[in-house]
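Residues per chain, in single letters:
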Amino acid sequence: MDGARFLSSIKDTVLNFKFNNVIDILIIAVIIYNTYKLVKQTRAEQLAKGLVVLLIVTKLSGWFKLYTLRWLLDWVLGAGLIALVVIFQPEIRRAFEFIGRSQFIGSRFRTLEDGQVNPVVEEIVQACASLSRQKIGALIVIQRKTGLGEVIETGTEIEGYVSMGLLINIFIPNTPLHDGAVIIDKEIIKAAACFLPITDNNRLSKDLGTRHRAALGISEKSDAFVVVVSEETGGISTCESGEISRYLDEDTLRKKLTDIYNPKPEEGGILNKFINEFKSEDSKEKNVTTEEGDDKDEEVKSK
Ligand SMILES: Nc1ncnc2c1ncn2[C@@H]1O[C@H](COP(=O)(O)OP(=O)(O)OP(=O)(O)O)[C@@H](O)[C@H]1O
């Protein structure tokens, strides 16, 4: 394109500029800004930089008529797109899962009046407190928006209302259903003795065995809320979004469960929540810490 044609095309663009062009530019600006926020400080950042360089070089090779280089770069970009989908499959999956469980679809738990507590919360709290006192190991998964059908299928179907008695009974040692996890969907115990995926985080504290690792595993792969009672110490822990909080007292557990069973509208825009969801895999990878030496009664983030 020579100089005169270039100038005349700019003149045409300016003269034909309309309101819908402004909207168009604004939308693109918002998309670019949020894409930048999305990839910033994640493993996608370096990749995005490389992609920008590749795009610029491709464009330049076209302008300078370097046909072989252009052909090669076109090919790399085409193949790169498929590679991107493969590399970022976990993030893409999380993003789609987030859309699926977003507020558009509504919460699965009914909202209660202020101060009201869902009776299920108290049943779970009392069961855990009792199991903790008796040092009986327990693993309780509360399903939220991510369906846990595959996990439920690995166990024994129960379909019974949540009650302190039933929960304690399930986990009594040497009974047929005590090994594995109980899955709760709202007020119903769907199944017991379920097998959960174990976390592959190998930087966890050595004193966390397979029960806690299974709890973390399912919380990484879904939005489930998990309560663990340690057989060894009687300590109560909870796992959520790949993070473990240990040595909880009854009141803290009650508060956490109340937040689940009596959800408040989430703060922040839908876009920010989407970005956080997308980023969480990466930030977790960066924030892995070990828990050795942590004090009792302190909430410990395992990741
Ligand atoms: N993948 C799994 N899915 C469900 N439950 C599991 C899984 N792996 C282990 N468990 C449960 O954890 C029990 C073993 O717990 P282990 O002592 O290894 O873990 P821990 O985290 O040290 O817990 P604790 O503090 O209670 O000893 C098993 O008997 C079983 O009930």
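Residues numbered from 1 in each chain as written. Predicted model: local features only at pLDDT ≥ 70, side-chain atom pairs only at ≥ 80, totals over all residues. Heavy atoms only, no water.

The protein is annotated in an unreviewed UniProt entry as Diadenylate cyclase of Ezakiella coagulans. As its UniProt record puts it under Sequence similarities (unreviewed entry), the protein is described as follows: "Belongs to the adenylate cyclase family. DacA/CdaA subfamily." Heading Function (unreviewed entry) of the UniProt record for the protein holds this comment: "Catalyzes the condensation of 2 ATP molecules into cyclic di-AMP (c-di-AMP), a second messenger used to regulate differing processes in different bacteria." (UniProt positions renumbered as here; feature names shortened; annotations may be inferred.)

### Considerations on the UniProt feature "transmembrane region" (unreviewed entry) in the protein
Per the UniProt record, the feature "transmembrane region" (unreviewed entry) sits at residues 17-36 and 72-88. Along residues 17-36 the backbone is 90% helical and 0% strand, and the end-to-end C-alpha distance reaches 27 Å. (Helix = DSSP H or I, 4+ residues; strand = E, 2+ residues; numbered from the N terminus.)

### Digging into the site of the ligand
Taken together, the neighbourhood of the ligand is formed by 16 residues, with Asp-179, Thr-210, His-212, Ser-230 and Glu-231 sitting nearest. The side chain of Asp-179 places a nitrogen or oxygen atom 2.5 Å from an oxygen atom of the ligand. A distance of 3.0 Å separates an oxygen atom of the ligand from a polar atom in the side chain of Arg-211. Grouping the amino acids of the shell around the ligand by side-chain chemistry returns seven nonpolar, five polar and four charged. (Near = heavy atom within 4 Å. Polar contact = N/O pair within 3.5 Å; in protein donor to acceptor, adjacent residues only side chain to side chain. Nonpolar A, V, L, I, M, F, W, Y, C, P; charged D, E, K, R; others polar.)

### Side note on the confidence of the model for the protein
Predicted confidence across the protein gives a mean pLDDT of 81, with 76% of residues reaching 70 or more. The spread of mean pLDDT over the elements of the protein runs between helix α11 (residues 270-286), the lowest at 53, and strand β5 (residues 225-229), the highest at 97. With pLDDT under 50 throughout, residues 281-303 is counted as low confidence; its partners more than four residues away or in other chains account for 58 contacts. Predicted complex, confidence summary: ipTM 0.95, pTM 0.63. (pLDDT = per-residue confidence, 0-100. Contact = heavy atoms within 4.5 Å.)

### Brief notes about the packing of helix α3 (residues 44-63) against helix α4 (residues 67-87)
At a minimum axis distance of 9 Å, the contact between α3 and α4 shows a crossing angle of 155°. With respect to their mutual orientation, α3 and α4 come out roughly antiparallel. For the pair α3 and α4, the sense of crossing is left-handed. Contact residues: α3 offers Leu-47, Leu-51, Leu-54, Leu-55, Val-57, Thr-58, Ser-61 and Gly-62, while α4 offers Leu-69, Arg-70, Leu-73, Asp-74, Val-76, Leu-77 and Leu-84. Per-class residue counts for the contact of α3 with α4 are ten nonpolar, three polar and two charged. (Axes fitted to C-alpha atoms, helices over the stretch in contact; angles between N-to-C directions. Parallel < 35°, antiparallel > 145°, perpendicular 65-115°, else oblique. Left-handed = near helix turned anticlockwise from the far one by under 90°.)

### Concerning α3
Residues spaced three or four apart along an α-helix face the same direction, because each turn holds 3.6 residues. End to end, α3 covers 29 Å across 20 residues, agreeing with the expected 28 Å (1.5 Å per residue, within 8%). Buried within α3 we find Ala-44, Glu-45, Thr-58 and Ser-61. Trailing α3 by a residue or two, Lys-65 shows a phi angle of about 55°, which is positive. (Expected span 1.5 Å × (residues − 1). Buried < 20%, exposed > 50% of the residue type's maximum accessible area, 1.4 Å probe, protein only.)

### Some remarks on the sheet that holds β5
If you trace the seven strands from one edge of the open sheet to the other, you get β2-β4-β3-β1-β5-β6-β7, paired in mixed fashion. The strands lining the two open edges of the sheet, one partner per strand, are β2 (156-161) and β7 (243-245). Within this sheet the neighbouring strands show an average axis-to-axis angle of 20°, counted without direction. As paired strands, β5 and strand β6 (residues 236-240) are joined by four bridges and run antiparallel to one another. Bridge pairing links Val-229 to Ile-236 in β6. The strands touched by helix α9 (residues 210-221) are β1 (138-143), β5, β6 and β7; relative to β5, the strand with the most contacts, the crossing angle is about 175°. (Pairing = 2+ DSSP bridges.)

### Section: the side chain of Arg-213
Structurally, the position occupied by Arg-213 is in helix α9. Asp-207 is the oppositely charged side chain nearest to the buried, salt-bridge-free Arg-213, at an N-O distance of 7.3 Å. Beyond its immediate stretch of four places on either side in the chain, Arg-213 contacts Pro-197, Ile-198, Thr-199, Asn-201, Leu-204, Ser-205 and Leu-208. (Lys, Arg positive; Asp, Glu negative; His and termini not counted. Salt bridge = Lys/Arg side-chain N within 4 Å of Asp/Glu carboxyl O.)

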